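Here's the letter readout for the chains.
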Amino acid sequence: MRSDSACRRLSEVLTATGGVEPPPGDDLDHLRQCLRCQATAVRLRRLGRALESLEDERYEPPPDLLPDTLRLLRSGEQARRRRARARAELAALAAAGAAAGALVLGRRLRHVAS
C-alpha cells in the first residue's frame, strides 16, 4: 500500500543518508513494501558510488584555453573550425565543473550520513 506522504518522507530520509543507512521504524516497513521507494534507494546508492568514483578524476584544461578562446571569438571567418574546438573544450570544462559540484555534493551526503 503506497502513501504519497510516506513516500515523500522516506525520500527525504533516503536523500539525507544517500540511501546507505536503513531508515528507522515505519519508514523501513514502507521501504520493504514500496517498489517506488526501493527504486529511489537504489538510484541514490548508485549515485553515491558514481560520485565516489569521481574523487580521483582530474581535468586540467590547457593553459592557453582562455586566451585562445578569446582570440577565436574575435577572429573572423577563418576561425569557424577552431571555434568548434574551443566550444568542445569549454563543454569539457563545464562538465568538469559539474563533476566537481557532484563531488562536493557527494562529500556532503557522506558527511550527513556519518
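Here the structure is shown first, and the text comes after it.
Residues numbered from 1 in each chain as written. Predicted model: local features only at pLDDT ≥ 70, side-chain atom pairs only at ≥ 80, totals over all residues. Heavy atoms only, no water.

1. Here's the deal with the nonpolar core
Cys-7, Leu-10, Leu-14, Leu-31, Cys-34, Cys-37, Ala-41 and Leu-44 together form the largest nonpolar core, which totals 8 residues. Among the elements of the structure, helix 1 (4-17) and helix 3 (35-53) are those that each provide at least two residues to this core. (Core = buried A, V, L, I, M, F, W, Y, C linked by side-chain atoms within 4.5 Å. Buried < 20%, exposed > 50% of the residue type's maximum accessible area, 1.4 Å probe, protein only. Helix = DSSP H or I, 4+ residues; strand = E, 2+ residues; numbered from the N terminus.)

2. With respect to a nonpolar patch on the surface
A surface patch of nonpolar side chains, amounting to about 230 Å² of accessible area, comprises Tyr-59, Leu-90 and Leu-93. Residue placement: Leu-93 occurs in helix 5 (residues 80-113). Overall, the relative accessible area of 34% leaves Leu-93 in the partly exposed class. (Patch = residues over 30% accessible without salt bridge, like charges linked within 9 Å, V, L, I, M, F, W, Y side chains within 5 Å. Areas by Shrake-Rupley, 256 points an atom, 1.4 Å probe, with all protein chains shown as cover. Salt bridge = Lys/Arg side-chain N within 4 Å of Asp/Glu carboxyl O.)

3. Considerations on helix 2 (residues 25-33)
Burial in helix 2 covers these residues: Asp-27, His-30 and Leu-31. Summarising the axial view, the buried residues of helix 2 lie within an arc of 100 degrees, below the 170-degree limit, and thus occupy one face. Exposed residues on helix 2 whose side chains face more than 90 degrees from its buried face are Asp-26, Arg-32 and Gln-33. On its buried side, helix 2 packs onto helix 1 and helix 3. (Arc of directions from axis to C-beta. Contact = heavy atoms within 4.5 Å.)

4. Comments concerning the packing of helix 1 against helix 3
Relative to each other, helix 1 and helix 3 sit at 15 degrees, their axes nearing to 10 Å. On the basis of their axis angle, the class for helix 1 and helix 3 is roughly parallel. Here the hand of the crossing between helix 1 and helix 3 comes out right-handed. Two secondary-structure elements touch here, helix 1 through Asp-4, Cys-7, Leu-10, Leu-14 and Thr-15 and helix 3 through Arg-36, Cys-37, Thr-40, Ala-41 and Leu-44. In terms of residue class, the contact of helix 1 with helix 3 is made up of 6 nonpolar, 2 polar and 2 charged. (Axes fitted to C-alpha atoms, helices over the stretch in contact; angles between N-to-C directions. Parallel < 35°, antiparallel > 145°, perpendicular 65-115°, else oblique. Left-handed = near helix turned anticlockwise from the far one by under 90°. Nonpolar A, V, L, I, M, F, W, Y, C, P; charged D, E, K, R; others polar.)

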